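Here are the chains, one letter per residue:
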Amino acid sequence: MTTRSEEMFRDACEVIPGGVNSPVRAFKSVGGTPPFIQEGRGAWLTDVDGKRYVDYVGSWGPLIVGHAHPVVVEAIGKAAEKGCSFGAPTPGETVLARKIIARFPSIEMVRLVNSGTEAVMSAIRLARAATGRDVIIKFEGCYHGHADGLLVSAGSGAATFGVPTSPGTTRAAARDTLVLPYNDLTALDGLLAQRGNEIAAVVVEPVAGNMGCVLPKSGYLEGLRQACDRVGALLIFDEVMTGFRVDRGGAQTLYGIRPDLTTLGKIIGGGLPVGAYGGSRELMGRIAPAGPVYQAGTLSGNPLAVAAGMATLELLEEAGVYETLAARSEKLMDGVAEVMRSAGIPCLVNHVGSMFGLFFTEAKVVENFSDVSACDIGRFNRWFHGMLQEGIYLAPSAFEAGFVSLAHDEALIEQTIAAAARVARLL
Ligand code: KE4
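Residues numbered from 1 in each chain as written. Predicted model: local features only at pLDDT ≥ 70, side-chain atom pairs only at ≥ 80, totals over all residues. Heavy atoms only, no water.

**Overview of the overall build of the protein chain**
Next, step 1: A count of helices and strands for the protein chain gives 15 helices and 14 strands.
Next, step 2: What you see for the protein chain is a C-alpha radius of gyration of 21 Å, in line with the 22 Å of a compact globule of 427 residues.
Next, step 3: Dimensions of the protein chain along its principal axes, counting C-alpha atoms only, are 60 × 55 × 45 Å.
Next, step 4: Expressed as a percentage of the 427 residues in the protein chain, the buried residues total 56%.
Next, step 5: Nonlocal contacts in the protein chain, meaning residues at least 24 apart in sequence, comprise 73% of its contacts between residues at least 6 apart.
Next, step 6: For the protein chain, the exposed surface amounts to about 17500 Å²; the carbon and sulfur share of it is 54%.
Next, step 7: Within the protein chain, one finds 37 positive and 44 negative side-chain charges whose respective centroids are separated by 2 Å. (Helix = DSSP H or I, 4+ residues; strand = E, 2+ residues; numbered from the N terminus. Rg over C-alpha atoms; globule rule 2.2 N^0.38 Å. Buried < 20%, exposed > 50% of the residue type's maximum accessible area, 1.4 Å probe, protein only. Contact = heavy atoms within 4.5 Å. Areas by Shrake-Rupley, 256 points an atom, 1.4 Å probe, with all protein chains shown as cover. Lys, Arg positive; Asp, Glu negative; His and termini not counted. Charge placed at Lys NZ, Arg CZ, Asp CG, Glu CD.)

**Let's talk about the domain arrangement of the protein chain**
Next, step 1: For the protein chain, the domain assignment lists domain 1 (4-64 + 319-424) and domain 2 (70-315).
Next, step 2: Once you take the C-alpha centre of each, domain 1 and domain 2 turn out to be 24 Å apart.
Next, step 3: Counting from both sides, the interface comprises 30 residues of domain 1 and, opposite them, 34 residues of domain 2.
Next, step 4: Summing both partners gives a buried area of about 2700 Å² for domain 1 against domain 2, and 66% of it is carried by carbon and sulfur.
Next, step 5: Counting across the domain 1 and domain 2 interface gives one salt bridge.
Next, step 6: There are eight residue pairs in polar contact (both at pLDDT 80 or more) connecting domain 1 and domain 2.
Next, step 7: Contributing elements (two or more residues each) for the side of domain 1 that touches domain 2: α12 (321-342), β11 (348-352), β12 (355-359) and α13 (369-373).
Next, step 8: Broken down by element, the residue count for the side of domain 1 that touches domain 2 peaks at four residues, all from β12.
Next, step 9: For the side of domain 1 that touches domain 2, the class distribution of residues is 19 nonpolar, eight polar and three charged. (Domains from an automatic or database assignment. Buried area = accessible area lost by both parts, 1.4 Å probe. Salt bridge = Lys/Arg side-chain N within 4 Å of Asp/Glu carboxyl O. Polar contact = N/O pair within 3.5 Å; in protein donor to acceptor, adjacent residues only side chain to side chain. Nonpolar A, V, L, I, M, F, W, Y, C, P; charged D, E, K, R; others polar.)

**Quick look at the site of the ligand**
Next, step 1: Taken together, 17 residues form the shell around the ligand, and within it S22, T117, N210, D238 and E400 come nearest.
Next, step 2: For the ligand, a nitrogen atom lies 3.4 Å from a polar atom in the backbone of Y143.
Next, step 3: Contacts to the ligand include K266, whose side-chain N or O atom sits 3.0 Å from a nitrogen atom.
Next, step 4: Burial of the ligand by the protein amounts to 87% of the accessible area it has alone, namely 530 Å².
Next, step 5: Considering only residue class, the shell around the ligand consists of five nonpolar, eight polar and four charged.
Next, step 6: When residues of the shell around the ligand are assigned to domains, at least three fall in each of domain 1 (4-64 + 319-424) and domain 2 (70-315). (Near = heavy atom within 4 Å.)

**Comments concerning the sheet that holds strand β14 (residues 402-403)**
Next, step 1: The three strands lie next to each other as β11-β12-β14, forming an open sheet whose pairing is antiparallel. Unpaired on one side and paired on the other, β11 and β14 mark the two borders of the sheet.
Next, step 2: On top of the sheet, α12 reaches β11 and β12; it is set at about 180° to β11, its chief contact. (Pairing = 2+ DSSP bridges. Axes fitted to C-alpha atoms, helices over the stretch in contact; angles between N-to-C directions.)

**As for the packing of helix α14 (residues 377-389) against helix α15 (residues 410-424)**
Next, step 1: At a minimum axis distance of 9 Å, the contact between α14 and α15 shows a crossing angle of 125°. In this view, α14 runs oblique relative to α15, as classed from their interaxial angle. Of the two elements, α14 crosses α15, and the hand of that crossing is right-handed. When α14 is examined against α15, the residues W383, G386 and M387 are found in contact with a partner set consisting of T416, A419, A420 and V423. (Parallel < 35°, antiparallel > 145°, perpendicular 65-115°, else oblique. Left-handed = near helix turned anticlockwise from the far one by under 90°.)

**Looking at unusual backbone geometry**
Next, step 1: In this structure, the amide linkage connecting A288 to the following residue, P289, adopts the cis form with an omega of 0°.
Next, step 2: Topologically, P289 is positioned in the loop between α10 (281-284) and α11 (303-316).
Next, step 3: Unusually for a residue other than glycine, F27 sits at a positive phi of about 65°.
Next, step 4: For F27, a relative accessible area of 1% gives the class buried.

So, in C-alpha coordinates, the structure goes:
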(Lines give C-alpha, C1' and ligand atoms only; values in the text may rest on other atoms or scores of the structure.)
Protein backbone atom coordinates (compact mmCIF):
# COMPACT_ATOMS: atom_id res chain seq x y z
CA MET A 1 0.00 0.00 0.00
CA THR A 2 1.46 3.36 -1.03
CA THR A 3 1.72 5.80 1.81
CA ARG A 4 0.83 9.45 1.44
CA SER A 5 4.48 10.31 2.14
CA GLU A 6 5.49 8.15 -0.84
CA GLU A 7 2.90 9.88 -3.03
CA MET A 8 4.02 13.30 -1.81
CA PHE A 9 7.70 12.43 -2.28
CA ARG A 10 7.03 11.35 -5.88
CA ASP A 11 5.17 14.61 -6.48
CA ALA A 12 7.87 16.71 -4.84
CA CYS A 13 10.60 15.01 -6.88
CA GLU A 14 8.96 16.33 -10.05
CA VAL A 15 9.39 19.95 -9.04
CA ILE A 16 12.10 20.11 -6.33
CA PRO A 17 15.63 18.67 -6.80
CA GLY A 18 15.62 15.35 -4.95
CA GLY A 19 12.16 16.21 -3.60
CA VAL A 20 13.63 18.23 -0.74
CA ASN A 21 14.89 21.70 0.02
CA SER A 22 17.96 20.46 1.80
CA PRO A 23 19.78 17.28 0.73
CA VAL A 24 20.09 15.36 3.99
CA ARG A 25 16.28 15.30 4.33
CA ALA A 26 15.98 12.96 1.31
CA PHE A 27 17.11 9.85 3.24
CA LYS A 28 19.56 9.09 0.42
CA SER A 29 22.24 7.78 2.76
CA VAL A 30 19.86 5.63 4.86
CA GLY A 31 17.52 4.70 2.00
CA GLY A 32 13.75 4.71 1.93
CA THR A 33 11.19 7.50 1.67
CA PRO A 34 11.27 10.43 4.07
CA PRO A 35 8.03 10.87 6.00
CA PHE A 36 6.37 14.15 5.08
CA ILE A 37 5.68 15.95 8.32
CA GLN A 38 2.24 17.38 8.99
CA GLU A 39 2.98 18.89 12.38
CA GLY A 40 5.20 18.92 15.44
CA ARG A 41 4.23 19.38 19.07
CA GLY A 42 6.64 19.13 21.96
CA ALA A 43 8.93 16.18 21.33
CA TRP A 44 6.51 14.67 18.78
CA LEU A 45 6.21 14.77 15.00
CA THR A 46 3.15 13.53 13.10
CA ASP A 47 3.54 12.62 9.43
CA VAL A 48 0.93 12.89 6.68
CA ASP A 49 -0.07 9.26 7.26
CA GLY A 50 -0.82 10.02 10.89
CA LYS A 51 2.23 8.13 12.18
CA ARG A 52 3.79 9.75 15.24
CA TYR A 53 7.48 9.92 16.12
CA VAL A 54 9.55 11.02 19.08
CA ASP A 55 11.80 13.54 17.34
CA TYR A 56 15.55 13.67 18.10
CA VAL A 57 16.39 15.88 15.10
CA GLY A 58 14.52 18.99 16.21
CA SER A 59 14.96 20.55 12.77
CA TRP A 60 18.74 19.86 13.13
CA GLY A 61 19.05 21.69 16.41
CA PRO A 62 16.83 24.80 16.64
CA LEU A 63 13.88 23.22 18.50
CA ILE A 64 15.61 22.88 21.87
CA VAL A 65 12.37 23.81 23.68
CA GLY A 66 10.27 21.43 21.56
CA HIS A 67 7.94 21.97 18.61
CA ALA A 68 5.18 24.59 18.72
CA HIS A 69 6.04 25.70 22.23
CA PRO A 70 3.07 27.92 23.21
CA VAL A 71 5.33 30.78 24.33
CA VAL A 72 7.18 30.77 21.00
CA VAL A 73 4.00 30.42 18.94
CA GLU A 74 2.39 33.29 20.81
CA ALA A 75 5.47 35.50 20.29
CA ILE A 76 5.46 34.81 16.54
CA GLY A 77 1.71 35.44 16.30
CA LYS A 78 1.92 38.74 18.17
CA ALA A 79 4.81 39.88 15.96
CA ALA A 80 3.02 38.83 12.78
CA GLU A 81 -0.03 40.89 13.72
CA LYS A 82 2.21 43.96 13.48
CA GLY A 83 3.73 42.99 10.13
CA CYS A 84 6.31 40.45 9.01
CA SER A 85 9.24 42.55 7.88
CA PHE A 86 10.02 46.19 7.29
CA GLY A 87 13.57 46.32 6.00
CA ALA A 88 14.07 48.89 8.74
CA PRO A 89 15.51 48.64 12.27
CA THR A 90 13.14 47.30 14.92
CA PRO A 91 13.45 47.23 18.73
CA GLY A 92 13.58 43.42 18.94
CA GLU A 93 16.84 43.17 17.00
CA THR A 94 18.72 45.10 19.68
CA VAL A 95 17.13 42.98 22.40
CA LEU A 96 18.17 39.75 20.69
CA ALA A 97 21.66 41.13 20.07
CA ARG A 98 22.00 41.99 23.76
CA LYS A 99 20.77 38.53 24.79
CA ILE A 100 23.49 36.95 22.66
CA ILE A 101 26.19 39.35 23.92
CA ALA A 102 25.16 38.71 27.52
CA ARG A 103 25.91 34.99 27.10
CA PHE A 104 28.96 34.93 24.83
CA PRO A 105 31.96 36.54 26.53
CA SER A 106 33.84 36.96 23.24
CA ILE A 107 31.01 38.86 21.56
CA GLU A 108 30.82 42.65 22.03
CA MET A 109 28.85 43.33 18.82
CA VAL A 110 26.77 41.02 16.64
CA ARG A 111 25.15 41.13 13.20
CA LEU A 112 21.99 39.11 12.53
CA VAL A 113 21.69 37.31 9.19
CA ASN A 114 19.34 34.60 7.83
CA SER A 115 21.27 31.36 8.10
CA GLY A 116 24.35 29.69 9.48
CA THR A 117 25.85 29.69 5.99
CA GLU A 118 25.51 33.44 5.76
CA ALA A 119 26.99 33.86 9.23
CA VAL A 120 30.09 31.81 8.46
CA MET A 121 30.72 33.27 5.01
CA SER A 122 30.42 36.78 6.49
CA ALA A 123 32.74 35.99 9.40
CA ILE A 124 35.33 34.64 6.96
CA ARG A 125 35.04 37.76 4.80
CA LEU A 126 35.59 39.86 7.91
CA ALA A 127 38.60 37.80 8.97
CA ARG A 128 40.16 38.21 5.53
CA ALA A 129 39.53 41.95 5.62
CA ALA A 130 40.92 42.32 9.14
CA THR A 131 44.12 40.31 8.47
CA GLY A 132 44.66 41.21 4.82
CA ARG A 133 45.17 37.49 4.19
CA ASP A 134 43.20 35.13 1.93
CA VAL A 135 43.68 31.56 3.14
CA ILE A 136 41.44 29.83 5.68
CA ILE A 137 41.84 26.49 7.40
CA LYS A 138 38.91 24.19 8.08
CA PHE A 139 38.78 20.61 9.33
CA GLU A 140 37.64 17.48 7.56
CA GLY A 141 34.17 16.43 8.62
CA CYS A 142 33.24 19.88 9.86
CA TYR A 143 30.45 21.61 7.98
CA HIS A 144 30.06 25.35 7.91
CA GLY A 145 27.27 25.84 5.38
CA HIS A 146 27.39 25.77 1.60
CA ALA A 147 29.42 28.85 0.66
CA ASP A 148 31.81 27.93 -2.17
CA GLY A 149 35.05 27.99 -0.23
CA LEU A 150 33.60 25.85 2.55
CA LEU A 151 32.35 22.94 0.47
CA VAL A 152 35.76 21.39 0.59
CA SER A 153 35.54 17.94 2.18
CA ALA A 154 32.65 19.22 4.28
CA GLY A 155 30.78 17.08 6.77
CA SER A 156 26.99 16.80 7.03
CA GLY A 157 25.25 16.36 3.70
CA ALA A 158 28.38 16.56 1.59
CA ALA A 159 30.08 13.84 3.64
CA THR A 160 26.91 11.78 3.61
CA PHE A 161 26.95 11.92 -0.17
CA GLY A 162 30.65 11.08 -0.26
CA VAL A 163 31.14 14.21 -2.36
CA PRO A 164 33.90 15.86 -0.39
CA THR A 165 34.28 18.77 -2.81
CA SER A 166 31.11 19.95 -4.53
CA PRO A 167 31.17 20.50 -8.32
CA GLY A 168 30.76 24.19 -9.04
CA THR A 169 33.19 25.21 -6.31
CA THR A 170 35.77 27.26 -8.17
CA ARG A 171 39.41 26.22 -8.07
CA ALA A 172 40.18 29.68 -6.72
CA ALA A 173 37.75 29.23 -3.84
CA ALA A 174 39.08 25.76 -3.05
CA ARG A 175 42.65 27.04 -3.33
CA ASP A 176 42.07 29.48 -0.48
CA THR A 177 40.72 26.75 1.77
CA LEU A 178 43.08 24.28 3.40
CA VAL A 179 41.65 21.20 5.05
CA LEU A 180 43.22 19.35 7.97
CA PRO A 181 42.14 16.43 10.15
CA TYR A 182 40.06 17.44 13.19
CA ASN A 183 41.63 16.95 16.62
CA ASP A 184 45.18 16.97 15.19
CA LEU A 185 47.37 19.84 16.42
CA THR A 186 50.51 18.30 14.91
CA ALA A 187 49.05 18.55 11.42
CA LEU A 188 48.02 22.15 12.12
CA ASP A 189 51.44 23.12 13.45
CA GLY A 190 53.07 21.55 10.40
CA LEU A 191 50.92 23.56 8.01
CA LEU A 192 51.32 26.80 9.94
CA ALA A 193 55.10 26.36 9.95
CA GLN A 194 54.98 26.55 6.15
CA ARG A 195 52.08 28.92 5.48
CA GLY A 196 51.20 30.57 8.77
CA ASN A 197 51.64 34.10 7.44
CA GLU A 198 48.99 33.45 4.74
CA ILE A 199 46.28 32.31 7.12
CA ALA A 200 43.38 34.71 7.72
CA ALA A 201 41.41 32.36 9.95
CA VAL A 202 41.00 28.90 11.34
CA VAL A 203 37.32 27.95 11.37
CA VAL A 204 36.19 25.07 13.54
CA GLU A 205 33.15 23.43 15.06
CA PRO A 206 34.28 23.40 18.73
CA VAL A 207 32.19 20.27 19.15
CA ALA A 208 31.81 18.66 15.72
CA GLY A 209 28.17 17.86 14.94
CA ASN A 210 28.42 17.15 11.22
CA MET A 211 30.27 13.87 11.34
CA GLY A 212 28.13 12.44 14.10
CA CYS A 213 28.98 14.08 17.42
CA VAL A 214 32.78 14.22 17.82
CA LEU A 215 34.25 15.88 20.89
CA PRO A 216 37.42 18.02 20.90
CA LYS A 217 40.34 16.15 22.48
CA SER A 218 41.62 17.61 25.72
CA GLY A 219 43.76 20.65 24.90
CA TYR A 220 42.69 20.76 21.25
CA LEU A 221 40.70 23.98 21.37
CA GLU A 222 43.35 25.65 23.51
CA GLY A 223 45.91 24.51 20.96
CA LEU A 224 43.94 26.12 18.15
CA ARG A 225 43.81 29.36 20.12
CA GLN A 226 47.57 29.35 20.70
CA ALA A 227 48.35 28.43 17.09
CA CYS A 228 46.20 31.29 15.77
CA ASP A 229 47.87 33.73 18.17
CA ARG A 230 51.28 32.49 17.05
CA VAL A 231 50.69 33.24 13.36
CA GLY A 232 48.30 36.19 13.66
CA ALA A 233 45.26 34.32 12.30
CA LEU A 234 41.76 34.74 13.68
CA LEU A 235 40.03 31.84 15.42
CA ILE A 236 36.42 31.43 14.31
CA PHE A 237 34.20 29.19 16.43
CA ASP A 238 31.32 28.01 14.31
CA GLU A 239 28.72 27.65 17.05
CA VAL A 240 25.73 27.49 14.73
CA MET A 241 24.96 24.11 16.30
CA THR A 242 26.66 24.35 19.70
CA GLY A 243 25.54 27.90 20.55
CA PHE A 244 22.93 27.80 23.34
CA ARG A 245 22.99 24.00 22.83
CA VAL A 246 25.99 22.58 24.72
CA ASP A 247 25.85 25.44 27.24
CA ARG A 248 23.96 28.73 27.63
CA GLY A 249 27.19 30.36 26.43
CA GLY A 250 28.05 27.73 23.84
CA ALA A 251 31.21 25.65 23.61
CA GLN A 252 33.42 28.69 24.21
CA THR A 253 31.96 29.02 27.70
CA LEU A 254 31.92 25.28 28.34
CA TYR A 255 35.59 24.89 27.37
CA GLY A 256 36.78 28.37 28.41
CA ILE A 257 38.23 29.41 25.05
CA ARG A 258 37.86 32.91 23.63
CA PRO A 259 37.53 32.86 19.81
CA ASP A 260 37.95 36.06 17.79
CA LEU A 261 34.69 35.54 15.93
CA THR A 262 31.68 33.35 16.67
CA THR A 263 28.95 32.27 14.30
CA LEU A 264 25.49 31.31 15.53
CA GLY A 265 22.21 30.07 14.10
CA LYS A 266 19.53 27.43 14.71
CA ILE A 267 18.46 27.94 18.37
CA ILE A 268 18.71 31.76 18.19
CA GLY A 269 15.90 31.68 15.62
CA GLY A 270 13.73 29.22 17.56
CA GLY A 271 12.83 27.45 14.31
CA LEU A 272 12.69 30.56 12.11
CA PRO A 273 15.58 31.68 9.88
CA VAL A 274 18.22 33.48 11.94
CA GLY A 275 22.01 33.35 11.80
CA ALA A 276 24.48 35.68 13.48
CA TYR A 277 28.16 36.46 13.69
CA GLY A 278 29.88 38.46 16.37
CA GLY A 279 33.15 39.43 17.99
CA SER A 280 35.04 42.38 19.37
CA ARG A 281 33.99 45.98 18.73
CA GLU A 282 37.22 46.44 16.81
CA LEU A 283 36.43 43.60 14.41
CA MET A 284 32.68 44.08 14.08
CA GLY A 285 33.14 47.84 13.66
CA ARG A 286 34.57 47.00 10.23
CA ILE A 287 31.20 45.72 8.99
CA ALA A 288 29.14 48.04 6.76
CA PRO A 289 27.79 50.59 7.30
CA ALA A 290 30.08 51.16 10.28
CA GLY A 291 33.06 50.05 8.23
CA PRO A 292 33.99 48.96 4.71
CA VAL A 293 33.31 45.19 4.85
CA TYR A 294 30.06 44.71 3.02
CA GLN A 295 27.33 42.29 4.11
CA ALA A 296 23.59 42.76 3.77
CA GLY A 297 20.25 40.92 3.81
CA THR A 298 16.65 41.85 3.02
CA LEU A 299 15.20 39.79 5.82
CA SER A 300 18.07 39.94 8.28
CA GLY A 301 16.72 40.49 11.81
CA ASN A 302 13.11 40.29 10.67
CA PRO A 303 10.60 40.70 13.50
CA LEU A 304 9.06 37.21 13.32
CA ALA A 305 12.35 35.33 13.41
CA VAL A 306 13.66 37.65 16.13
CA ALA A 307 10.49 37.12 18.17
CA ALA A 308 10.85 33.33 17.91
CA GLY A 309 14.52 33.55 18.84
CA MET A 310 13.96 35.86 21.80
CA ALA A 311 11.13 33.70 23.15
CA THR A 312 13.30 30.60 22.87
CA LEU A 313 16.30 32.19 24.58
CA GLU A 314 14.06 33.46 27.37
CA LEU A 315 12.78 29.93 27.98
CA LEU A 316 16.42 28.80 28.19
CA GLU A 317 17.19 31.37 30.90
CA GLU A 318 15.26 29.33 33.47
CA ALA A 319 17.54 27.95 36.20
CA GLY A 320 18.45 24.29 35.79
CA VAL A 321 17.45 24.04 32.13
CA TYR A 322 20.90 22.98 30.90
CA GLU A 323 21.41 20.58 33.77
CA THR A 324 18.09 18.93 32.92
CA LEU A 325 18.94 18.71 29.20
CA ALA A 326 22.33 17.17 29.99
CA ALA A 327 20.93 14.73 32.53
CA ARG A 328 18.26 13.46 30.15
CA SER A 329 20.81 13.13 27.34
CA GLU A 330 23.12 11.21 29.66
CA LYS A 331 20.28 8.88 30.65
CA LEU A 332 19.42 8.31 26.99
CA MET A 333 22.98 7.62 25.91
CA ASP A 334 23.75 5.41 28.90
CA GLY A 335 20.54 3.48 28.24
CA VAL A 336 21.33 2.95 24.57
CA ALA A 337 24.92 1.97 25.36
CA GLU A 338 23.67 -0.62 27.85
CA VAL A 339 21.20 -1.99 25.34
CA MET A 340 23.96 -2.41 22.75
CA ARG A 341 26.30 -3.99 25.28
CA SER A 342 23.63 -6.52 26.25
CA ALA A 343 23.04 -7.31 22.60
CA GLY A 344 26.78 -7.73 22.03
CA ILE A 345 26.87 -4.89 19.50
CA PRO A 346 30.07 -2.79 19.46
CA CYS A 347 28.94 0.78 19.82
CA LEU A 348 30.35 4.07 21.07
CA VAL A 349 28.03 6.80 22.33
CA ASN A 350 28.74 10.30 23.51
CA HIS A 351 27.04 13.56 24.25
CA VAL A 352 27.89 17.14 25.11
CA GLY A 353 24.92 18.69 26.85
CA SER A 354 21.88 17.73 24.78
CA MET A 355 23.78 17.03 21.57
CA PHE A 356 24.62 13.36 21.11
CA GLY A 357 26.24 10.85 18.82
CA LEU A 358 26.27 7.10 18.30
CA PHE A 359 28.83 5.11 16.30
CA PHE A 360 28.78 1.41 15.48
CA THR A 361 32.45 0.59 15.90
CA GLU A 362 34.84 -1.59 17.88
CA ALA A 363 37.08 1.47 18.27
CA LYS A 364 37.44 2.94 21.74
CA VAL A 365 37.52 6.51 20.44
CA VAL A 366 36.17 8.36 17.41
CA GLU A 367 38.17 11.54 16.99
CA ASN A 368 37.96 12.59 13.35
CA PHE A 369 36.28 12.10 10.00
CA SER A 370 38.26 9.02 9.00
CA ASP A 371 37.37 7.35 12.31
CA VAL A 372 33.68 8.04 11.61
CA SER A 373 33.97 6.83 8.02
CA ALA A 374 35.45 3.56 9.29
CA CYS A 375 32.35 2.88 11.42
CA ASP A 376 29.68 0.39 10.35
CA ILE A 377 27.45 2.70 8.31
CA GLY A 378 25.29 -0.19 7.12
CA ARG A 379 24.50 -1.11 10.72
CA PHE A 380 23.73 2.57 11.44
CA ASN A 381 21.23 2.56 8.57
CA ARG A 382 19.53 -0.58 9.93
CA TRP A 383 19.44 1.08 13.37
CA PHE A 384 17.94 4.21 11.86
CA HIS A 385 15.13 2.33 10.09
CA GLY A 386 14.48 0.03 13.01
CA MET A 387 14.02 3.04 15.28
CA LEU A 388 11.88 4.80 12.69
CA GLN A 389 9.61 1.75 12.63
CA GLU A 390 9.45 2.02 16.41
CA GLY A 391 8.32 5.66 16.08
CA ILE A 392 11.69 7.17 16.98
CA TYR A 393 12.87 9.79 14.49
CA LEU A 394 16.68 10.01 14.43
CA ALA A 395 18.90 11.97 12.06
CA PRO A 396 18.83 10.09 8.70
CA SER A 397 22.60 9.95 8.41
CA ALA A 398 25.54 8.48 10.32
CA PHE A 399 27.21 11.85 9.79
CA GLU A 400 24.78 13.87 11.88
CA ALA A 401 24.24 14.51 15.58
CA GLY A 402 21.05 14.03 17.58
CA PHE A 403 19.37 16.46 19.94
CA VAL A 404 17.33 16.20 23.12
CA SER A 405 14.85 19.00 23.82
CA LEU A 406 13.16 20.22 26.98
CA ALA A 407 10.07 18.39 25.78
CA HIS A 408 11.81 14.98 26.04
CA ASP A 409 10.69 14.00 29.51
CA GLU A 410 11.88 10.97 31.46
CA ALA A 411 9.03 8.82 30.14
CA LEU A 412 10.00 9.50 26.53
CA ILE A 413 13.64 8.75 27.28
CA GLU A 414 12.62 5.42 28.82
CA GLN A 415 10.35 4.71 25.84
CA THR A 416 13.25 5.40 23.47
CA ILE A 417 15.59 3.08 25.36
CA ALA A 418 12.96 0.33 25.29
CA ALA A 419 12.59 0.79 21.53
CA ALA A 420 16.38 0.63 21.16
CA ALA A 421 16.38 -2.70 23.03
CA ARG A 422 13.92 -4.16 20.53
CA VAL A 423 15.82 -2.80 17.55
CA ALA A 424 19.24 -3.90 18.83
CA ARG A 425 18.14 -7.51 18.48
CA LEU A 426 17.69 -6.95 14.74
CA LEU A 427 21.07 -5.34 14.11
P1 KE4 B 1 22.47 26.75 7.68
O2 KE4 B 1 22.93 27.56 6.51
O3 KE4 B 1 21.98 25.38 7.26
O4 KE4 B 1 21.47 27.51 8.58
O5 KE4 B 1 23.72 26.52 8.65
C6 KE4 B 1 24.87 25.92 8.12
C7 KE4 B 1 25.68 25.34 9.25
C8 KE4 B 1 26.80 26.02 9.69
N9 KE4 B 1 27.55 25.55 10.70
C10 KE4 B 1 27.22 24.40 11.34
C11 KE4 B 1 28.08 23.91 12.46
C12 KE4 B 1 26.08 23.66 10.94
O13 KE4 B 1 25.77 22.51 11.58
C14 KE4 B 1 25.29 24.14 9.88
C15 KE4 B 1 24.07 23.39 9.37
N16 KE4 B 1 23.83 22.12 9.96
C17 KE4 B 1 23.14 21.14 9.14
C18 KE4 B 1 22.91 19.90 9.98
N19 KE4 B 1 24.05 19.23 10.32
C20 KE4 B 1 21.86 21.67 8.61
C21 KE4 B 1 20.94 20.61 8.05
C22 KE4 B 1 20.79 20.73 6.57
O23 KE4 B 1 21.80 21.01 5.90
O24 KE4 B 1 19.66 20.53 6.11
